[in-house]
Amino acid sequence: MSAAETSTNTETSTNAVPVPRTSVPGLTVTGDNDFFFEAAKEGRLEIQRCADCKTLRHPPAPACPSCRSFSWDTVESTRRCTLHSFTVIHHPKDPAFEYPLAVGLVDLEEGTRLVADIAGIDHDDLAFGMELEVGFSEHAHGEILPQLRRRGEA
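Residues numbered from 1 in each chain as written. Predicted model: local features only at pLDDT ≥ 70, side-chain atom pairs only at ≥ 80, totals over all residues. Heavy atoms only, no water.

### Observations concerning helix α2 (residues 34-41)
Reasoning step 1: Residues F35, F36, F37, A39 and A40 constitute the buried set of α2.
Reasoning step 2: Just past α2, the residue G43 takes up positive phi, approximately 80°. (Buried < 20%, exposed > 50% of the residue type's maximum accessible area, 1.4 Å probe, protein only. Helix = DSSP H or I, 4+ residues; strand = E, 2+ residues; numbered from the N terminus.)

### Some details on the nonpolar core
Reasoning step 1: Ranked by internal contacts, the top residues of the largest apolar core, which has 23 residues, are V106, L108, L132, V134 and L148.
Reasoning step 2: Broken down by secondary-structure element, the contributors of at least two residues to this core are α2, β6 (80-89), β7 (101-108), β8 (113-118), β9 (131-138) and β10 (144-150).
Reasoning step 3: For this core, the element with the most residues is α2, which contributes four residues.
Reasoning step 4: Leaving out residues up to four positions away in the same chain, L132 has contacts with R79, R80, C81, L83, V106, I121, L148, R149, R150 and R151. (Core = buried A, V, L, I, M, F, W, Y, C linked by side-chain atoms within 4.5 Å. Contact = heavy atoms within 4.5 Å.)

### Some thoughts on the sheet that holds strand β3 (residues 46-50)
Reasoning step 1: Read from one edge of the open sheet, three strands run β4-β3-β5, paired in antiparallel fashion. Since the sheet does not close on itself, it has two edges, and those belong to β4 (56-57) and β5 (72-76), each with one partner.
Reasoning step 2: In this structure, β3 lies alongside β4, joined through two bridges in antiparallel fashion. Across the sheet, Q48 pairs through a bridge with R57, a residue of β4.
Reasoning step 3: On the sheet, α2 packs against β3 and β5 and is oriented at approximately 150° with respect to β3. (Pairing = 2+ DSSP bridges. Axes fitted to C-alpha atoms, helices over the stretch in contact; angles between N-to-C directions.)

### Here we look at the environment of R151
Reasoning step 1: Considering the arrangement of structural elements, one finds R151 in the segment after β10.
Reasoning step 2: For the pair R151 and E133, spaced 18 residues apart in the sequence, the C-alpha separation amounts to 4.9 Å.
Reasoning step 3: In this view, R151 contacts R80, C81, T82, E131, L132 and E133; residues no more than four positions away in its chain are not counted.
Reasoning step 4: Within the structure, the side chain of R151 is placed 3.1 Å from the side chain of E131, a separation counted as a polar contact. (Polar contact = N/O pair within 3.5 Å; in protein donor to acceptor, adjacent residues only side chain to side chain.)

### Points about the sheet that holds β8
Reasoning step 1: With mixed pairing, the five strands of this closed barrel are ordered in space as β6-β7-β8-β10-β9. With direction set aside, neighbouring strand axes in the sheet form an average angle of 45°.
Reasoning step 2: Here β6 runs beside β7; their pairing, made up of eight bridges, is antiparallel. The residue bridging V88 from the neighbouring strand is A102, located in β7.
Reasoning step 3: Here α2 sits on the sheet and contacts β8, β9 and β10; the angle it forms with β10, its principal contact strand, is near 60°.

Set out below in structure tokens:
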């Protein structure tokens, strides 16, 4: 492949490492969600909790949906979850993912929900109520994000 062909298929990051072209935007990190992404880099799943009424919330937000408080802290999840719903995506294809791509909505043991891609499970074996666990994987742009797997494989 010529240099001209390579430049049309990849971009170069600031440290000169080729990155596949992707339409997936980079993360938007704010003061309300940076704890989540920092914990993911360390292999932990942190859930935002209202410091006043103790309501858990995900995705992270500035105010509690229950009592409207702006005070919050976090709790570490056990990462154990149950598959609530899922879909298998075939199109449009983006080089940042392998297709077909299964994406699941899970009920975390702590009582809130999370959406993430599903890895290592044949799509025909996916079933509502299936016990899963949240692991972590590198995604587009080198970000570490949650990924759903069979329990014991995370």
